[in-house]
Amino acid sequence: MGYTIYSYFQFRTLDTIQGLVPICIHVDGAEFYANSEVLVWSMQSVFSSGQHVWDSKYPLVVIPHEMIRDADIKQQVQEVIAQVLKWSFRCCADGVWPSTGPFGEALPSGHRSCQKGKPLAGGAYRACYFAFRADGKGRKEAHMFPRSYLHSFICEACHAQKEHKNWSSALSYKNFYQSAAYRLTTISSTLSCFSKVSNGE
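Keep in mind that what you see is a predicted model, and the values were worked out from it rather than measured.

Overview of the overall build of the protein
Now for step 1: Counting its regular elements, the protein contains seven helices and four strands.
Now for step 2: Secondary structure elements of the protein occur, N-terminal to C-terminal, as α-α-β-β-α-β-α-α-β-α-α.
Now for step 3: Restricting the contact set of the protein to residue pairs at least 6 apart, pairs at least 24 apart contribute 47%.
Now for step 4: By element, 56% of the accessible surface of the protein is carried by carbon and sulfur atoms, the whole surface being about 13300 Å².

Following this line, the structure appears as structure tokens:
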């Protein structure tokens with residue numbers, strides 16, 4: 001995110017954070033049946049607890065991997081998810097029902113349309129993005145990293161490499177010394193990401 005949670009809250013007064021619920025986003029693969037893995041986006045409050053996962057987590061998106069095998073489709077799907085989450089969190093942080101949908105479209109007539117501009121949760125609570133939780137595969141899938149443990153360039157933060165055609169052995173990821181050359185090749189999180197998903201655009 002580019003800042004710590006402490007730095008986010010340290011300059012906020014009590015009245016701006018009272019009733020603010022921090023939300024974590026979790027992305028991971030799951031296998032409900034043999035050979036039928038799905039990608040699951042879920043959310044939970046940092047205050048939630050429960051012995052069963054459904055007592056503390058709310059599923060947002062469940063997508064069978066077989067439907068997003070194509071790289072172009074996968075990127076488009078992840079960008080749509082990011083756009084909807086961004087819209088949702090902005091509404092949650094404002095504490096007000098949205099007046100339009102995530103893509104600027106008019107809300108369908110009915111309950112949601114009637115709620116436009118009204119306080120969410122009776123005005124008592126708001127929510128904000130707090131953290132992103134995922135393993136290495138989940139981070140790669142969600143942010144469309146062109147660098148990951150599945151690639152020849154295995155790190156999204158530097159130029160560490162696996163052995164491959166025309167590689168630079170000086171940048172071998174197996175060198176754990178402080179003098180390792182890849183330690184001098186750190187790159188920003190913005191440059192290491194392939195799509196808009198990780199930039200919050």
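Structure's up, so let's keep going.
Some points on the layout of surface pockets
Now for step 1: Roughly 740 Å³ of volume is contained in the second largest pocket.
Now for step 2: If you go around the second largest pocket, you meet 26 residues; those closest to its centre are Trp87, Ser88, Phe89, Cys91 and Cys92.
Now for step 3: Those elements that place two or more of their residues in the lining of the second largest pocket are strand S1 (20–31), strand S2 (37–45), strand S3 (58–64), helix H4 (71–94) and strand S4 (126–134).
Now for step 4: The element contributing the most residues to the lining of the second largest pocket is H4, with nine residues.
Now for step 5: Along the lines of polarity and charge, the residues of the lining of the second largest pocket split into 23 nonpolar, one polar and two charged.

Focus: the sheet that holds S3
Now for step 1: Across the sheet, four strands lie side by side as S3-S2-S1-S4; this open sheet has mixed pairing. If you trace the sheet from one side to the other, it starts and ends with S3 and S4, each paired once. Within the sheet, the average angular offset between the axes of one strand and its neighbour, ignoring direction, is 20°.
Now for step 2: Bridge count between S1 and S4: eight bridges; the pairing is parallel. In the sheet register, Ile25 faces S4, and the bridge partner there is Phe132.
Now for step 3: Relative to S4, H4 is tilted by about 145°, and along the sheet it contacts S1, S2, S3 and S4.
Now for step 4: Each of S1, S2 and S4 is contacted by helix H6 (residues 136–143), which is oriented at about 120° to S4, the strand it contacts most.

Brief notes about the packing of aromatic side chains
Now for step 1: This model, assessed by the stated rule, comprises two aromatic pairs.
Now for step 2: Between the aromatic rings of Trp41 and Phe132, the centroid separation amounts to 6.4 Å while the plane-to-plane angle is 70°, which identifies the pairing as edge-to-face. Here Phe132 lies in strand S4 and Trp41 lies in strand S2, a separation of 91 residues in the sequence.
Now for step 3: Residue classification places Trp41 among the buried residues on the basis of a relative accessible area of 4%.
Now for step 4: Between Phe89 and Tyr129, the ring centres sit 5.9 Å apart and the planes meet at 90°, which makes this aromatic pair edge-to-face.

Quick word on the nonpolar core
Now for step 1: Core analysis: the biggest nonpolar cluster contains 13 residues, and Ile25, Val27, Trp41 and Ile81 have the highest contact counts within it.
Now for step 2: Looking at this core, the elements that each hand over two or more residues are S1, S2, S3 and H4.
Now for step 3: Val27 has contacts with Leu39, Val40, Trp41, Phe132, Arg133, Ala134, Asp135, Gly138 and Ala142, leaving out every residue within four places of it along the chain.
Now for step 4: Listed in part, the six residues of the second largest apolar core include Ile154, Leu171, Ala180 and Tyr182.

A short note on the confidence of the model for the protein
Now for step 1: Of all residues in the protein, 83% attain a pLDDT of 70 or more, and the chain-wide mean is 81.
Now for step 2: The model gives residues 1–8 a pLDDT under 50, and that stretch makes three contacts with residues more than four places away or in other chains.

Regarding the pattern of salt bridges
Now for step 1: By the definition in use, this model includes two salt bridges.
Now for step 2: Here Glu37 and Lys137 are joined by a salt bridge, their closest N and O atoms 3.5 Å apart. Linking Glu37 in strand S2 with Lys137 in helix H6, this pair joins segments that are 100 residues apart in sequence.
Now for step 3: A relative accessible area of 31% means that Glu37 is categorised as partly exposed.
Now for step 4: Overall, Lys137 belongs to the partly exposed group, its relative accessible area being 31%.
Now for step 5: Close ionic contact of Arg139 with Glu156 constitutes a salt bridge, the shortest N to O distance being 2.3 Å.

About the criteria used
- Residues numbered from 1 in each chain as written.
- Predicted model: local features only at pLDDT ≥ 70, side-chain atom pairs only at ≥ 80, totals over all residues.
- Heavy atoms only, no water.
- Helix = DSSP H or I, 4+ residues; strand = E, 2+ residues; numbered from the N terminus.
- Contact = heavy atoms within 4.5 Å.
- Areas by Shrake-Rupley, 256 points an atom, 1.4 Å probe, with all protein chains shown as cover.
- 1 Å grid on protein atoms, 1.4 Å probe; cavity = no way out; pocket = protein on both sides within 12 Å on 5 of 7 lines; lining within 4 Å.
- Points joined across faces, edges and corners; volume = space filled by probe spheres on them.
- Nonpolar A, V, L, I, M, F, W, Y, C, P; charged D, E, K, R; others polar.
- Pairing = 2+ DSSP bridges.
- Axes fitted to C-alpha atoms, helices over the stretch in contact; angles between N-to-C directions.
- Phe/Tyr/Trp six-rings, centres within 6.5 Å; stacked < 30°, edge-to-face > 60°.
- Buried < 20%, exposed > 50% of the residue type's maximum accessible area, 1.4 Å probe, protein only.
- Core = buried A, V, L, I, M, F, W, Y, C linked by side-chain atoms within 4.5 Å.
- pLDDT = per-residue confidence, 0-100.
- Salt bridge = Lys/Arg side-chain N within 4 Å of Asp/Glu carboxyl O.

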